[in-house]
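# A look at the structure
Spelled out from the first residue to the last, the chains are:
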Amino acid sequence: MDNEEKKQKSTAKEILNFILYIVAVLLATYLIVHYVGQRTVVVGESMRETLQDGDNLVVDKISYAIHDPERFDIIVFPYEYSEETYYIKRIIGLPGETVQITADGTIMIDGKELKEDYGREVMEVRGLAAKPITLGEDEYFVLGDNRNESEDSRYEDVGLIKRKDIIGRAILRIYPFSSFGKINNKNGKD
C-alpha cells in the first residue's frame, strides 16, 4: 500500500469518525430533551415573584419516575385547550386531600390552614375551590404564585392536574444570567 492509499484511508476514517460523533451527539441530545430534561420559557406573570416573564428554565422530566410530586413543587403541564401551550404552576393540593379556599383567601387542606409564603396577595377569586374539592388518587391542585393573575386549578378550563399530564419539575433558571440558579421548590415556612 502506497502513501496515497494510506492517506485516503486515513481521511475516510476521520470523516466516518466525525459523522459517528455527530450522530452520537444528536442522539444524546434527543434522549436528554425527550426523557431527562427540557428547556422552557416562562410567558406571563402568573408565577411572579418566583419566576418572571421571559425566564428560561430547565425542567427535570425524570425525577417523578423515582418519586411522587410534592407540595410546593413547580411543575410544567400542557394546557388542554391549546396545542403547544404549557402552564407552569405550584402544587398546593396532593392526591386524596380536600382543598378549599375560604372567603378571606385562606387555603385549607383537609380543614387545616396551609402555611405557605408564595401567594402574597389575598386571592380575589376562589373559583372552583370556594367549595371543598377532594382530589382523586392521581390528581393535584395547582396555583400560580401571583394568585390574582393566574389561571390555575381554580378555573374549570385548567382544573385538577392528572399525574400523567405532569411533564416535569422546574429545577434551574438558566436565563437571565443575573438570576441563574436553582429554583426553590420548597416552602420558606417549613
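Residues numbered from 1 in each chain as written. Predicted model: local features only at pLDDT ≥ 70, side-chain atom pairs only at ≥ 80, totals over all residues. Heavy atoms only, no water.

### With respect to the packing of aromatic side chains
Here is the rule we go by: Centres within 6.5 Å are what make two rings of Phe, Tyr or Trp a pair, Trp counting through its six-membered ring; a difference in plane orientation under 30 degrees is then read as stacked, over 60 as edge-to-face, and the rest as tilted. Think of it this way: any DSSP run of H or I at least four residues long counts as a helix, any run of E at least two long counts as a strand, and we number them from the N terminus. Any residue under 20% of the maximum accessible area for its type is buried, any over 50% is exposed, and the rest in between are partly exposed; the area is computed with a 1.4 Å probe on protein chains only. Here, a charge over a ring is recorded when the distance from Lys NZ or Arg CZ to the ring centre is within 6 Å and its angle to the ring normal is within 35 degrees.
Enumeration according to the criterion identifies 4 aromatic pairs in this entry. Centre to centre, the rings of Phe72 and Tyr118 are 5.6 Å apart; their planes meet at 50 degrees, and the pair counts as tilted. With Phe72 in the loop between strand E2 (56-60) and strand E3 (74-78) and Tyr118 in the loop between strand E7 (112-113) and strand E8 (133-134), this pair connects stretches of sequence that are 46 residues apart. Residue classification places Tyr118 among the buried residues on the basis of a relative accessible area of 6%. Chaining the aromatic ring pairs together yields one cluster made of Phe77, Tyr79 and Tyr87. Over the ring of Tyr87 we find Lys89; its NZ or CZ atom is 5.2 Å from the centre of that ring. Above the plane of the ring of Tyr118 lies Arg90, whose end atom (NZ or CZ) is 3.3 Å from the centre.

### Thoughts on the pairing of E2
Where we set the bar: Note on pairing: DSSP must find at least two bridges between two strands before they are called paired.
Burial analysis of E2 places 4 of its 5 residues in the buried class, the great majority of the element. The sheet contact formed by E2 and strand E11 (residues 168-175) spans 5 bridges and is antiparallel. Bridging across to E11, Leu57 finds its partner in Arg173.

### Comments concerning the side chain of Arg173
Applicable threshold: Any pair of nitrogen or oxygen atoms within 3.5 Å is treated as a polar contact; in protein, a donor-acceptor pairing is required on top of that, and neighbouring residues in sequence qualify only through side-chain atoms on both sides. Here a residue-residue contact requires only that any non-hydrogen atoms of the pair lie within 4.5 Å.
Among the structural elements, Arg173 can be located in strand E11. Among the polar contacts listed, one links the side chain of Arg173 to the backbone oxygen of Thr50, at a separation of 3.3 Å. A polar atom in the side chain of Arg173 sits 2.4 Å from the side chain of Asp55. Filtering out sequence-adjacent residues up to four positions away, Arg173 remains in contact with Thr50, Leu51, Gln52, Asp55, Asn56, Leu57, Ser179, Phe180, Gly181 and Ile183.

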